[in-house]
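Report on the structure
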Amino acid sequence: MSPAARTPGPKPVQLDDVSKAIIEQLQGDGRRSYAEIGKAVGLSEAAVRQRVQKLTDSGVMQVVAVTDPMGFYRQAMIGIRVAGDTTAVAESLSRLPAVDYVVLTAGSFDILAEVVCENDDDLIDLLNKQIRGIEGVQSTETFVYLKLLKQFYNWGTR
């Protein structure tokens, strides 16, 4: 394989200890003020604001509100086997409003996609009319969530 064919993915962003500490502060409480974070990490409010902006602009971090699926009573993970370009299928899945998570994988499935639907009828519609209609989707297997026991985003920066 030629070097051009082995194009690496995006270069990982190197985080210093202060940026990691800021991320960990926000993972603990995304509403924490820049002044509070500054006191915890030894920076001014303005310096924290600037670092948070750089972290979000670079795609390293998102600050979002995570809710219970209010009004959306059916969640599922869908394993997808693809014939052809997995990236193209993943990009198509990413554009579907009901899909909130897409990852390319190695193993039994080429792609895993998490979906949130109002009810079972919407899930059936999503599977039959949208996901299985994407060119390259060979087969799907749906894992319906019966009960969500844990969902945290505070794994730190290691």
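Residues numbered from 1 in each chain as written. Predicted model: local features only at pLDDT ≥ 70, side-chain atom pairs only at ≥ 80, totals over all residues. Heavy atoms only, no water.

Remarks on the overall build of the protein
From N to C terminus, the protein includes five helices and four strands. Going from N to C terminus, the protein has its helices and strands arranged as α-α-α-β-α-β-β-α-β. At a minimum sequence separation of 6, the contacts of the protein that also span at least 24 residues come to 63%. Surface exposure of the protein reaches about 11000 Å², of which carbon and sulfur atoms provide 51%. (Helix = DSSP H or I, 4+ residues; strand = E, 2+ residues; numbered from the N terminus. Contact = heavy atoms within 4.5 Å. Areas by Shrake-Rupley, 256 points an atom, 1.4 Å probe, with all protein chains shown as cover.)

Some words on the confidence of the model for the protein
Across the protein, the average pLDDT comes to 86, with 83% of residues at 70 or higher. Between residues 1-9, whose pLDDT stays under 50, and residues either more than four places distant or in other chains, the model counts one contact. (pLDDT = per-residue confidence, 0-100.)

What to know about the pattern of salt bridges
Oppositely charged side chains can pair when the atoms bearing their charge come close. A full pass over the atoms with the stated rule returns five salt bridges. With a closest N to O distance of 3.8 Å, R31 and D29 form a salt bridge. Residue classification places R31 among the exposed positions, given a relative accessible area of 75%. (Salt bridge = Lys/Arg side-chain N within 4 Å of Asp/Glu carboxyl O. Buried < 20%, exposed > 50% of the residue type's maximum accessible area, 1.4 Å probe, protein only.)

Concerning the sheet that holds strand β2 (residues 99-104)
The antiparallel open sheet is built from four strands, whose spatial order is β2-β3-β1-β4. Each having just a single partner strand, β2 and β4 (137-144) make up the two edges of the open sheet. With strand direction ignored, the average angle separating the axes of adjacent strands in the sheet is 20°. Relative to strand β3 (residues 111-117), β2 runs antiparallel, the two sharing five bridges. Each bridged residue has a counterpart across the sheet, and for L104 the counterpart in β3 is I111. Docked against the sheet, helix α4 (residues 86-94) engages β1 (74-82), β2, β3 and β4, running at close to 170° with respect to β2. (Pairing = 2+ DSSP bridges. Axes fitted to C-alpha atoms, helices over the stretch in contact; angles between N-to-C directions.)

Concerning the packing of aromatic side chains
To describe a pair of aromatic rings, one takes the distance between the centres and the angle between the planes. Counted by the stated rule, this structure contains one aromatic pair. Both rings, one in F109 and one in F143, keep their centres 6.1 Å apart while their planes meet at 85°; by these two values the pair is edge-to-face. Of this pair, F109 sits in the loop between β2 and β3 while F143 sits in strand β4, placing them 34 residues apart in sequence. F143 gets classed as partly exposed once you look at its relative accessible area, which sits at 37%. (Phe/Tyr/Trp six-rings, centres within 6.5 Å; stacked < 30°, edge-to-face > 60°.)

Overview of the packing of helix α1 (residues 17-28) against helix α3 (residues 45-57)
Direction vectors running N to C along α1 and α3 enclose 85°, while the axes themselves pass 11 Å from each other. By the criterion of interaxial angle, the relationship of α1 to α3 is roughly perpendicular. In this structure, α1 contributes V18, S19, I22, I23 and L26 to the contact, and α3 contributes R51, V52 and L55. Grouping the constituent residues of the contact of α1 with α3 by class yields six nonpolar, one polar and one charged. (Parallel < 35°, antiparallel > 145°, perpendicular 65-115°, else oblique. Nonpolar A, V, L, I, M, F, W, Y, C, P; charged D, E, K, R; others polar.)

A short note on the side chain of R74
With respect to the helices and strands, R74 occurs in strand β1. Looking at R74, its side chain comes within polar contact range of the side chain of D120, at 2.5 Å. Within polar-contact distance, the side chain of R74 engages the backbone oxygen of Y145 at 3.2 Å. What R74 contacts, discounting residues up to four positions off in sequence, is V115, V116, C117, E118, N119, D120, L123, V144 and Y145. (Polar contact = N/O pair within 3.5 Å; in protein donor to acceptor, adjacent residues only side chain to side chain.)

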